Amino acid sequence: MYPNNRNRRLRKSPAIRDLVRENELTTNDLMLPIFIAEGSQIKELIPSMPGCYRLSLDLLLEELKSVSDLGIKALLLFVKVDDALKDNKGTAAIAPDGLMQRAVKTIKDAFPDLLIMTDVALDPYSSYGHDGIVEAGNILNDPTVEVLSQMALSHAQAGADFVAPSDMMDGRILKIRTVLEEAGFVNTGIMSYSAKYASGFYGPFRDALESAPGFGDKKTYQMDTANRLEAVTEVLADIEEGADIVMVKPGLAYLDIIREIRENVQVPVAAYQVSGEYAMLKAAAEKGWLDHDTVMMEQLLAFKRAGANFIATYHAKEAAELIG
Ligand code: PBG
């Protein structure tokens, strides 16, 4: 009780604030999502994500030198697939010489210590822009899961450390885990996008990969943004099926979900600060309405406070530069 307790005593100098701080952001907490393009000498700006580019593999290798020099140790890979290769079966997704499979090999050869996670979902490869196989306007669950498991296997064969299914089909973790085990990839991890919401915040990402749904929306597979308890159901199912890490996505608008999951499970919990969150800060900062670096670091720390073990964020390089 005041005046015996004066909370400001613990805030009066940098030294005492540093001593009692409850959470800290380090480069260990950062995972960098990367967009990869076919070809060479390709560096295409993504207009709705200032500072982010689609890079061909040759330029990506140059970029990764500076990424790893900054102390970033983990990458989340996405590929931009040419329209001509898109179909309703995921043919390009499972091709042993597909762009993702080549990317993983190339990066692993050059940077064996970088942790590589690969996106597993059909939308970048789908002529319909959906995360699954489409029939009569429906997204088929079980046939999609079959393809996803083959896709995950091909990523493991290419050398991925973890596969990261972002599709939200039911049962895909169990199927992927089973296929990996049977093929001897017992040490390939699974980071499941377990609580992934049908969000408006993915817009810029869909620009980046030209992967917006051709019809309808993703509400029959991604979660209803109104639900919290359902996130726990999804996460517990994924852990039982064999997920090593569970993820909540998007990030900032879902900090309550991160906390809820943190309190319900013992496995590592990841947060994804998605493209729309990144775009909002860039736009506000460009207008001079927010101080970019202050708000960026405040947001990233908020994920730690909410209970995330690490954060997939397009700000990873900028944040690592500030952390120093
Ligand atoms: C698709 C996928 C999406 C993102 C990651 N994987 C978009 C979607 O579900 O439509 C979004 C990431 C971001 O917005 O940064 N499987």
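Below or above, wherever it landed, is the structure these notes cover. No experiment lies behind these values; they were computed from the predicted model shown.

About the thresholds
Residues numbered from 1 in each chain as written. Predicted model: local features only at pLDDT ≥ 70, side-chain atom pairs only at ≥ 80, totals over all residues. Heavy atoms only, no water. Near = heavy atom within 4 Å. Polar contact = N/O pair within 3.5 Å; in protein donor to acceptor, adjacent residues only side chain to side chain. Areas by Shrake-Rupley, 256 points an atom, 1.4 Å probe, with all protein chains shown as cover. Nonpolar A, V, L, I, M, F, W, Y, C, P; charged D, E, K, R; others polar. Axes fitted to C-alpha atoms, helices over the stretch in contact; angles between N-to-C directions. Helix = DSSP H or I, 4+ residues; strand = E, 2+ residues; numbered from the N terminus. Parallel < 35°, antiparallel > 145°, perpendicular 65-115°, else oblique. Contact = heavy atoms within 4.5 Å. Salt bridge = Lys/Arg side-chain N within 4 Å of Asp/Glu carboxyl O. Buried < 20%, exposed > 50% of the residue type's maximum accessible area, 1.4 Å probe, protein only. Expected span 1.5 Å × (residues − 1). Pairing = 2+ DSSP bridges. Right-handed = clockwise from strand over helix to strand, strands pointing away. Left-handed = near helix turned anticlockwise from the far one by under 90°. Phe/Tyr/Trp six-rings, centres within 6.5 Å; stacked < 30°, edge-to-face > 60°. Lys NZ or Arg CZ within 6 Å of the ring centre and 35° of its normal.

### Notes on the site of the ligand
Reasoning step 1: Looking at the ligand, there are 18 residues lining it, with R206, K218, K249, S275 and Y314 nearest.
Reasoning step 2: Contact distances for the ligand include 2.9 Å between a nitrogen atom and a side-chain N or O atom of D131.
Reasoning step 3: Note that an oxygen atom of the ligand is positioned 2.7 Å from one of the side-chain N or O atoms of K218.
Reasoning step 4: Protein chains shield 100% of the accessible area of the ligand, which is 400 Å² for the free molecule.
Reasoning step 5: Class assignment for the residues of the shell around the ligand results in eight nonpolar, three polar and seven charged.

### As for the packing of helix 11 (residues 292–306) against helix 12 (residues 316–323)
Reasoning step 1: It is the contact of helix 11 with helix 12, at a shortest axis distance of 11 Å, that shows an interaxial angle of 100°. With respect to each other, helix 11 and helix 12 are oriented roughly perpendicular. Facing helix 11, whose interface residues are H292, D293, M296, M297 and L300, helix 12 presents E318, A319, L322 and I323.
Reasoning step 2: Residues that form the contact of helix 11 with helix 12 fall into these classes: six nonpolar, one polar and two charged.

### Points about the pattern of salt bridges
Reasoning step 1: In this structure the tally under the stated criterion is 19 salt bridges.
Reasoning step 2: Note that K65 is salt-bridged to D69, the shortest N-O span being 2.9 Å. Taken as a pair, K65 and D69 lie in helix 2 (residues 57–69) at a separation of four residues, close to a single helical turn.
Reasoning step 3: Here D69 falls in the exposed class, since its relative accessible area comes to 55%.

### Some details on helix 8 (residues 229–241)
Reasoning step 1: Compared with the 18 Å implied by 1.5 Å per residue over 13 residues, the 19 Å span of helix 8 between its first and last C-alpha is a close match.
Reasoning step 2: Within helix 8, the full set of buried residues consists of A231, V232, E234, V235, D238 and E241.
Reasoning step 3: Considering only its buried residues, helix 8 is in contact with helix 6 (172–182), strand 9 (189–196), strand 10 (245–249) and helix 9 (255–264).
Reasoning step 4: Following helix 8 by one or two positions, G242 adopts a phi angle in the positive range, close to 125°.

### Some words on the side chain of R54
Reasoning step 1: Tracing the backbone through its elements, the reader meets R54 in strand 3 (residues 53–56).
Reasoning step 2: A distance of 2.7 Å separates a polar atom in the side chain of R54 from a polar atom in the side chain of E44.
Reasoning step 3: Within polar-contact distance, the side chain of R54 engages the backbone oxygen of A208 at 2.5 Å.
Reasoning step 4: Apart from residues no more than four positions distant in its own chain, R54 is found in contact with F35, A37, I42, K43, E44, I46, K80, D207, A208, L209 and E210.

### Quick word on the pairing of strand 8 (residues 162–165)
Reasoning step 1: Burial along strand 8 is two-sided: F162 and A164 facing one way and V163 and P165 facing the other are all buried.
Reasoning step 2: Sheet analysis places strand 5 (residues 115–120) next to strand 8, joined by four bridges and oriented parallel. The residue of strand 8 that forms the bridge with M117 is F162.
Reasoning step 3: Regarding topology, helix 6 serves as the crossover connection from strand 8 to the parallel strand 9, and that connection is right-handed.

### Let's talk about the packing of helix 8 against helix 9
Reasoning step 1: It is the contact of helix 8 with helix 9, at a shortest axis distance of 10 Å, that shows an interaxial angle of 45°. As the angle between them shows, helix 8 and helix 9 are arranged oblique. For helix 8 against helix 9, the interelement crossing comes out right-handed. Across from A231, V232, V235 and L236 in helix 8, the residues of helix 9 making contact are I257, E260, I261 and N264.
Reasoning step 2: Among the residues forming the contact of helix 8 with helix 9, the class breakdown is six nonpolar, one polar and one charged.

### Quick look at unusual backbone geometry
In terms of backbone geometry, most residues other than glycine have negative phi values and most peptide bonds are trans.
Reasoning step 1: Residue P3 is bonded to the preceding Y2 through a cis peptide linkage, with omega at 5°.
Reasoning step 2: A positive phi angle, close to 55°, is found at Q41, a residue other than glycine.
Reasoning step 3: Relative to the assigned elements, Q41 resides in the loop between strand 1 (30–37) and strand 2 (43–45).
Reasoning step 4: Residue A136 is not a glycine yet carries a positive backbone phi of 50°.
Reasoning step 5: Secondary-structure assignment places A136 in the loop between strand 6 (133–135) and strand 7 (138–140).

### Concerning the packing of aromatic side chains
Reasoning step 1: Applying the stated rule across the entire model yields nine aromatic pairs.
Reasoning step 2: Aromatic ring contacts, followed pair by pair, group F35, F78, Y193, F205, Y272, Y278 and Y314 into a single cluster.
Reasoning step 3: It is K249 that lies over the ring of Y202; its NZ or CZ is 4.7 Å from the centre.
Reasoning step 4: The ring of F205 carries the charged tip of K249 above its face, separated from the ring centre by 6.0 Å.

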